[in-house]
Amino acid sequence: MFSLDAFSPETYSERRLKNKKPANYSKVIKNILNFLDIKKKKKKKFPLVKVSFIVMKTNKHEIEKFKKFWENKVDAIHIQKFIDYEDKSLVTNYVNETKCNMPMFRLSIKSDGNVRPCCLGYGENINLGNIYKETLLNIWNSKFMKNFQQMHLQKRAYENKFCKKCLKNTNA
Ligand code: SF4
């Protein structure tokens, strides 16, 4: 999944302000298109490619253009609802009865190679390994990952302090 949240250099820069390096929208788009081209030339079905757009006040005017541009290029377009960590109406006390499905079907690979169980802010603190040190398959099949999945399946997510916070504050 490529998280873009924009269809212009201006909006992309605004969304990526916290990054150490300045955002380079055209380079990012070029890299994704190159990646899609390589996949096509190699006639590969996988990996499936999804582009993501979290809707906010500052980018909602670009949704339609975003959809139109990517619709015949990628396997999926994900227009996501913005989760406001400050929004108290999302806070739930039913953490013990909640589980998260994300660790069952996804891994998030960061640009430094670190792997997380999801793409949410709280998940940034849960490091599963690094693809420069071990294979993704090993990380997926690791004891930690299997225990982590079981913890969620058995609705014991509260045992991980970051997941507990995430489920409590986002009601995800
Ligand atoms: S509960 Fe939150 S932090 Fe934990 S895996 Fe799910 S989305 Fe990520």
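The present account deals with the structure reproduced in this document. (Residues numbered from 1 in each chain as written. Predicted model: local features only at pLDDT ≥ 70, side-chain atom pairs only at ≥ 80, totals over all residues.)

### A word on the site of the ligand
In the vicinity of the ligand lie 14 residues, with Cys 100, Cys 118, Gly 123, Cys 163 and Cys 166 positioned nearest. Among the secondary structure elements, those contributing two or more residues to the shell around the ligand are helix H4 (102–105) and helix H7 (161–170). Classifying every residue of the shell around the ligand by side-chain character gives 13 nonpolar, one polar and no charged. (Near = placed C-beta within 6 Å. Helix = DSSP H or I, 4+ residues; strand = E, 2+ residues; numbered from the N terminus. Nonpolar A, V, L, I, M, F, W, Y, C, P; charged D, E, K, R; others polar.)

### Some details on the sheet that holds strand S5 (residues 114–116)
Note on sheets: strands pair through backbone hydrogen bonds, and any given pair is parallel or antiparallel. Read from one edge to the other, the open sheet built from three strands follows the order S4-S5-S6, with strand pairing classed as antiparallel. In the strand order of this sheet, the two ends are held by strand S4 (108–109) and strand S6 (129–130), each with one partner. Bridge count for S4 against S5 is two bridges, and the pairing is antiparallel. Bridging from a neighbouring strand, Ser 108 pairs with Arg 116 of S5. (Pairing = 2+ DSSP bridges.)

### Some thoughts on the nonpolar core
Formed by Leu 4, Ala 6, Phe 7, Tyr 12, Val 51, Phe 53, Phe 66 and Trp 70, the largest nonpolar core amounts to eight residues. For this core, the elements supplying multiple residues, two or more each, are strand S2 (50–54) and helix H3 (63–70). Once residues lying within four places of it in the same chain are set aside, the contact partners of Phe 7 are Glu 62, Lys 65, Phe 66 and Phe 69. Counting residues in each nonpolar core, the second largest holds six residues, with Cys 100, Tyr 122, Ala 157 and Cys 163 among its members. (Core = buried A, V, L, I, M, F, W, Y, C linked by C-beta atoms within 7 Å. Buried ≥ 20, exposed ≤ 12 C-beta atoms within 10 Å, placed from the backbone. Contact = placed C-beta atoms within 7 Å.)

### Re the pairing of S2
The alternating pattern of S2 places Val 51 and Phe 53 on a buried face and Lys 50, Ser 52 and Ile 54 on a face that is not buried. With two bridges joining them, strand S1 (residues 2–3) and S2 adopt parallel strand pairing. In the sheet register, Phe 2 faces S2, and the bridge partner there is Val 51. In the sheet, S2 pairs with strand S3 (residues 76–80) via five bridges, with the strands oriented parallel. Residue pairing across strands places Lys 50 opposite Ala 76, the latter belonging to S3. At this point the chain moves from S2, through H3, to the parallel S3, and the crossover so formed is right-handed. (Right-handed = clockwise from strand over helix to strand, strands pointing away.)

### Details of the environment of Lys 161
Residue position: Lys 161 is located in helix H7. According to the C-beta neighbour criterion, Lys 161 is exposed, with 11 such atoms within 10 Å.

### Quick notes on the sheet that holds S2
Ordered in space as S1-S2-S3, the three strands form an open sheet in which the pairing is parallel. Each edge of the open sheet is held by one strand with a lone partner, namely S1 and S3.

### Details of unusual backbone geometry
Look at the link from Phe 46 to Pro 47: it is a cis peptide, with omega at 0 degrees. Relative to the helices and strands, Pro 47 resides in the loop between helix H2 (25–41) and S2. With a phi angle near 55 degrees, Lys 43 is a residue other than glycine that sits in the positive phi range. Following the sequence through the fold, Lys 43 ends up in the loop between H2 and S2.

### Details of the environment of Tyr 12
Its location among the elements puts Tyr 12 in helix H1 (residues 9–15). Dropping the residues within four chain positions of it, Tyr 12 is found in contact with Leu 4, Ala 6, Ala 23 and Tyr 25.

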